[in-house]
Amino acid sequence: MSFTNSVLYQQIGASPLQSITHPLLTEKGVQLSIKRDDLLHPEISGNKWRKLKHNLLEAEAQQKTHLLSFGGAFSNHIHALAAASYHFKFQATGIIRGEAHYASNPTLSQAQKWG
């Protein structure tokens, strides 16, 4: 399956570019743009999306419905995977390393809310 034909791609797309203006840049004839990965999705940050997208695309292509991953109690990866699974209709299981009392932190609490 091509990435651009994917439902995942259609919902998230590419990082937008933001033009930066400053008198010094104008004076020197420099055009500056910043790739805004932070604007890709409110819950799946840019770097996590880049790391997850190919696995999600492969799961989508193979018509898989359940994802499994491992992470720590404060794992942004687990948070992003839970968000992606919720938004793209996968079931997800996270295996969390660490002490049980860390499981009530905000990162894992939100992941649990997403299922």
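Throughout what follows, the structure given in this document is the object of discussion. On a predicted model such as this, the values are computed, not experimentally measured, just so you know.

## Quick notes on the overall build of the protein
Right, so step 1: Counting its regular elements, the protein contains five helices and four strands.
Right, so step 2: Walking the protein from its N terminus toward its C terminus, one meets helices and strands in the order α-β-α-β-α-β-α-β-α.
Right, so step 3: At 18 Å, the protein has a C-alpha radius of gyration far larger than the 13 Å of a compact globule built from 115 residues.
Right, so step 4: Oriented by its inertia axes, the alpha-carbon framework of the protein measures out at about 55 × 40 × 20 Å.
Right, so step 5: Within the protein, the fraction of its 115 residues that count as buried is 34%.
Right, so step 6: Within the protein, contacts between residues separated by at least 24 positions form 65% of all contacts whose residues are at least 6 apart in sequence.
Right, so step 7: Taken as a whole, the protein presents about 7700 Å² of accessible surface, with 53% of it coming from carbon and sulfur.
Right, so step 8: Considering the protein, the positive charge centre built from 11 side chains and the negative charge centre built from 7 side chains are found 1 Å apart.

## Focus: the packing of aromatic side chains
Right, so step 1: Enumeration according to the criterion identifies two aromatic pairs in this entry.
Right, so step 2: Measuring from centroid to centroid gives 6.2 Å for Trp49 and Phe88, while their planes differ by 50°, and the two rings are tilted. With a gap of 39 residues between them, Trp49 in helix α3 (residues 46-61) and Phe88 in the loop between α4 (76-87) and β4 (91-97) connect regions that are remote in the sequence.
Right, so step 3: Judged by its relative accessible area of 10%, Phe88 is buried.
Right, so step 4: Sitting above the plane of the Tyr86 ring, Lys89 keeps its charged end 5.9 Å from the centroid.

## Some thoughts on α3
Right, so step 1: Here α3 spans 22 Å end to end across 16 residues, near enough to the 22 Å set by a 1.5 Å rise per residue.
Right, so step 2: Of all the bends in α3, the greatest, near 40°, is centred on Leu52.
Right, so step 3: Taken together, the buried positions of α3 are Gly46, Lys48, Trp49, Leu52, Lys53, Leu56, Leu57, Ala59 and Glu60.

## Let's talk about the side chain of His41
Right, so step 1: Looking at the secondary structure, you find His41 in the loop between β2 (32-35) and α3.
Right, so step 2: The residues touching His41, leaving out its near neighbours within four places in the chain, are Ile12 and His87.

## Section: a nonpolar patch on the surface
Right, so step 1: A cluster of nonpolar side chains, Leu68, Phe70 and Ile95, forms an exposed patch at the surface whose accessible area comes to about 320 Å².
Right, so step 2: On the secondary structure map, Ile95 appears in strand β4.

What counts and how
- Once a new chain begins, its residue numbering starts again from 1 and follows that chain's sequence as written.
- The predicted origin of the model limits local features to residues at a pLDDT of at least 70 and limits the giving and counting of side-chain atom pairs to 80 or more, whereas totals for whole chains, interfaces and linings rest on all residues.
- Side-chain numbers come from the whole structure's heavy atoms, not from hydrogens or water.
- Each helix is a run of H or I in the DSSP string that is no shorter than four residues. Each strand is a run of E no shorter than two, and both are numbered from the N terminus.
- The atom set for the radius of gyration is the C-alpha atoms, and the globule formula is 2.2 Å times the number of residues raised to the power 0.38.
- For every residue, the accessible area obtained with a 1.4 Å probe (protein chains only) is divided by the maximum for its type, and the residue is called buried under 20%, exposed over 50%, and partly exposed between those limits.
- Note on contacts: a residue pair qualifies if any of its non-hydrogen atoms lie within 4.5 Å across the two residues.
- Surface accessibility follows the Shrake-Rupley procedure with a 1.4 Å probe radius. Residue values consider only the protein chains on display as shielding.
- In this count, Lys and Arg are taken as positive residues and Asp and Glu as negative ones, while His and the chain termini are left out.
- Throughout, a charge is located at the NZ atom of Lys, the CZ atom of Arg, the CG atom of Asp or the CD atom of Glu.
- Aromatic pairs are defined between Phe, Tyr and Trp rings, using the six-membered ring for Trp, whenever the two ring centres lie within 6.5 Å; interplanar angles under 30 degrees are classed as stacked, those over 60 as edge-to-face, and all others as tilted.
- Look at NZ for Lys and CZ for Arg. If either is within 6 Å of the ring centre and within 35 degrees of the ring normal, a charge sits over the ring.
- To estimate how far a helix should reach, multiply one less than its number of residues by 1.5 Å.
- Across the chain, bend at a residue is computed as the angle between axes fitted to the seven residues ending at that point and the seven starting from it.
- The residues that make up patches have over 30% relative accessible area and no salt bridge, and they are joined within 9 Å when like-charged or within 5 Å when they are Val, Leu, Ile, Met, Phe, Trp or Tyr.
- Take a side-chain nitrogen of Lys or Arg and a carboxyl oxygen of Asp or Glu: if they are within 4 Å of each other, that pair is a salt bridge.

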